Amino acid sequence: MSNNKIAHIPNGALQGLVSLRTLDLSGNELEKLDNKTHGLLDDCFSIERVNLSNNKITFISRKMFPSNPYIPYNLKNIDLSYNNVPLVTYDFVFGTSKVETLNLTHNSIADIRRYVLGNLTSLRTLDLSFNLLEDITSDPDVFILPKSISEINLSHNMLNELPWREVIKVENLTTLDLQHNNFTVFTKEMNTLVNNKTRILLKGNALTCDCFARPMRRYFDTLLEVPQFYKDVICSEPEYINGKPLFEVWDDGLFCPKDVNLTKSEQNEYEVAADVKIRDLKMIKDDLTVSWSVIKNEDIADPYVVIRGIKNAKDALYAKTLPYFQRKLELNIFKENLAKIKSSRRDYEICVVARNSLDNVRNFFQNQCRGLDTTNGTARYVSWNIYFIFVLLLVNYLF
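Attention here is on the structure that accompanies the text. All figures in this text were calculated on a predicted structure; none of them were measured in a lab. (Residues numbered from 1 in each chain as written. Predicted model: local features only at pLDDT ≥ 70, side-chain atom pairs only at ≥ 80, totals over all residues. Heavy atoms only, no water.)

### Some thoughts on the overall build of the protein
The number of helices and strands found in the protein is 6 helices and 19 strands. Taking 21 Å as the expected radius of gyration for a compact globule of 399 residues, we find that the protein reaches 32 Å, considerably beyond that expectation. By principal-axis analysis of the C-alpha atoms, the protein measures approximately 100 × 65 × 40 Å. Across the 399 residues in the protein, those meeting the buried criterion constitute 44%. Residue pairs at least 24 apart in sequence account for 64% of intrachain contacts in the protein once pairs closer than 6 positions are excluded. When the accessible area of the protein is evaluated, it comes to approximately 21600 Å², of which 51% is carbon and sulfur surface. Across the protein, the 47 positively charged side chains and the 49 negatively charged ones have centroids separated by 7 Å. (Helix = DSSP H or I, 4+ residues; strand = E, 2+ residues; numbered from the N terminus. Rg over C-alpha atoms; globule rule 2.2 N^0.38 Å. Buried < 20%, exposed > 50% of the residue type's maximum accessible area, 1.4 Å probe, protein only. Contact = heavy atoms within 4.5 Å. Areas by Shrake-Rupley, 256 points an atom, 1.4 Å probe, with all protein chains shown as cover. Lys, Arg positive; Asp, Glu negative; His and termini not counted. Charge placed at Lys NZ, Arg CZ, Asp CG, Glu CD.)

Shown next as structure tokens:
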């Protein structure tokens, strides 16, 4: 019955079609499917899919879709795209509790009333793209989402913020399409979703690529290949990287705003990441062992190991460049003329830094250094000293 000029279908016209599962009424001139007391679909006990796209529907009443506490309707798919719906009211929840796919794209929706989305308890895919949504955060009960939802399309609206606390609660969210809106910042929740493998599409937003974009930028480095929808994340601000894809911006090119004070936990998340991470440091008798891993996917070549004074960085006792593939260094402090550190460990630190392909030493990040008094061996010596003192006290007590 699609692509005709049907403007009205009287109630009862589908009576007897109790086994009908799919009804396609798209491309007509329908404005409603009910007379406020009875609906056209009431007699379709088996209906699962209804296509009402490309009609003239402006209002969704509580009798549009079949609902009866004594009849187990099983409507799963509703397509209301390309209509003239300006508002989604609470009437929409009647007859839609089993709907899994809802397509409302290309309407003129500017408002969604509270508790509607949360009562679509079986919903998996929601498409609200190409509408007039501007604010869905003012009322905290508007964007409460069902636990079942996995795909949300909000592209081509006028949104600049989401109720992220509600979005982050959805455990099975696989896709969040925010393309062509007015988003400007990378939120903590957005970065959390990306790291949880949720695909967030951000093309067409005027994004500020500052330090708050770092978690997402670092996530790109973990991928074997950056997918196109992440290549389409383009920076608008600051000016020096305007028009540049985020995945092409180096980590140390993303600066924090001057008026932002980060907490210690936020500093680890948003400040420039170190090139190398020290995995283990221990000193047993006269043997010092340090191991590390490379954590950046940038221009990192040979590791450069330095033992230097903590108060005076120029007081370097040891410096050596190692082959790129080496991730562990073992040295004897007497053979390397480092005997003085044995009695003054707290005054020295060991740093593992990276050189680039031009053999220049990259930045010294503080978390790439570790004080020699924090070695595993130190704790081991302390524990042995305590044990030895305990034995002496015990012997004196017994004899």
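### Digging into the state of the cysteines
Here, disulfide denotes a covalent bond that connects the sulfur atoms of two cysteines. Inspection of the entire model under this criterion finds 3 disulfides. Each sulfur of the disulfide joining Cys 211 and Cys 256 lies 2.0 Å from the other. Judged by the sign of its S-S torsion, about 110 degrees, the bond between Cys 211 and Cys 256 is right-handed. Residue Cys 211 is found in the loop between strand S11 (207-208) and helix H3 (214-221), and its partner Cys 256 is found in the loop between strand S12 (235-237) and helix H5 (264-270); the two are separated by 45 residues along the sequence. The residue that forms a disulfide with Cys 351 is Cys 369, at a sulfur-sulfur distance of 2.0 Å. Since a negative S-S torsion denotes a left-handed disulfide, the Cys 351-Cys 369 link at about 110 degrees is right-handed. One end of the pair, Cys 351, is in strand S18 (residues 348-354); the other, Cys 369, is in strand S19 (residues 369-371), with 18 residues separating them in the sequence. Cys 369 carries the same exposure label as Cys 351, and that label is buried. Bonded cysteines in the protein are paired 1-3, 2-4, 5-6 when counted in the order they occur along the chain. (Disulfide = S-S within 2.5 Å.)

### Some remarks on the sheet that holds strand S14 (residues 287-294)
Taking strand neighbours across the sheet as the criterion, the 3 strands line up as S13-S14-S17 in an open arrangement whose pairing is antiparallel. Whereas interior strands pair on both sides, the edge strands pair on one side only; in this sheet they are strand S13 (276-284) and strand S17 (328-332). Going across the sheet, the axis of each strand differs from the next one's by a mean of 15 degrees, ignoring polarity. Sheet topology note: the S14/S17 ladder contains 5 bridges and is antiparallel. Each bridged residue has a counterpart across the sheet, and for Ser 291 the counterpart in S17 is Lys 328. (Pairing = 2+ DSSP bridges. Axes fitted to C-alpha atoms, helices over the stretch in contact; angles between N-to-C directions.)

### Notes on H3
The buried fraction of H3 is high, at 6 of 8 residues. If you check which residues of H3 are buried, you get Arg 214, Pro 215, Met 216, Arg 217, Tyr 219 and Phe 220.

### Some remarks on the packing of aromatic side chains
Under the defined criterion, the tally for this structure stands at 7 aromatic pairs. For the ring pair Phe 45 and Tyr 73, a centre distance of 6.2 Å and an interplane angle of 55 degrees mean the geometry is tilted. In this pair, Phe 45 is assigned in the loop between strand S1 (22-24) and strand S2 (49-51) and Tyr 73 in the loop between S2 and strand S3 (77-79), connecting sequence segments 28 residues apart. Summarising the aromatic geometry, the rings of Phe 65 and Phe 92 are spaced 6.1 Å apart at their centres and angled 80 degrees between planes, so their arrangement reads as edge-to-face. In this pair, Phe 65 is assigned in the loop between S2 and S3 and Phe 92 in the loop between strand S4 (87-88) and strand S5 (101-103), connecting sequence segments 27 residues apart. Judged by relative accessible area, Phe 65 falls into the buried class, the value being 2%. Grouping aromatic residues by their ring pairs yields a cluster made of Tyr 219, Phe 220, Phe 229 and Tyr 230. Over the ring of Phe 229 we find Arg 199, and its NZ or CZ is 5.1 Å from the ring centre. (Phe/Tyr/Trp six-rings, centres within 6.5 Å; stacked < 30°, edge-to-face > 60°. Lys NZ or Arg CZ within 6 Å of the ring centre and 35° of its normal.)

### Describing unusual backbone geometry
Along the chain, Glu 237 connects to Pro 238 via a cis peptide bond; the corresponding omega equals -5 degrees. Structurally, Pro 238 is set in the loop between S12 and H5. We note that His 106 has phi near 55 degrees; this positive angle belongs to a residue other than glycine. Mapped onto the elements, His 106 comes out in the loop between S5 and strand S6 (111-112). Of note, Phe 130 is a non-glycine position whose phi angle comes to about 55 degrees, a positive value. Position of Phe 130 relative to the elements: it lies in the loop between strand S7 (125-127) and strand S8 (151-153).

### What to know about the sheet that holds S2
The pairing of strands in a sheet comes from backbone hydrogen bonds and takes either a parallel or an antiparallel form. Across the sheet, which stays open at both edges, the 8 strands sit in the order S1-S2-S3-S5-S7-S8-S9-S10 with parallel pairing between neighbours. Strands at the two margins of the open sheet, each flanked by one partner only, are S1 and strand S10 (199-201). Direction aside, the axes of adjacent strands within the sheet are offset by 5 degrees on average. Here 3 bridges tie strand S9 (residues 175-177) to S10, and the two strands are oriented parallel to one another. Among the inter-strand pairings, Thr 175 is bridged to a residue of S10, identified as Arg 199.

### What to know about helix H2 (residues 188-195)
Along H2, the residues that are buried comprise Met 190, Asn 191, Leu 193 and Val 194. Along the axis of H2, the buried residues cluster in a sector spanning 160 degrees; they form a single face. Following H2 by one or two positions, Lys 197 adopts a phi angle in the positive range, close to 75 degrees. (Arc of directions from axis to C-beta.)

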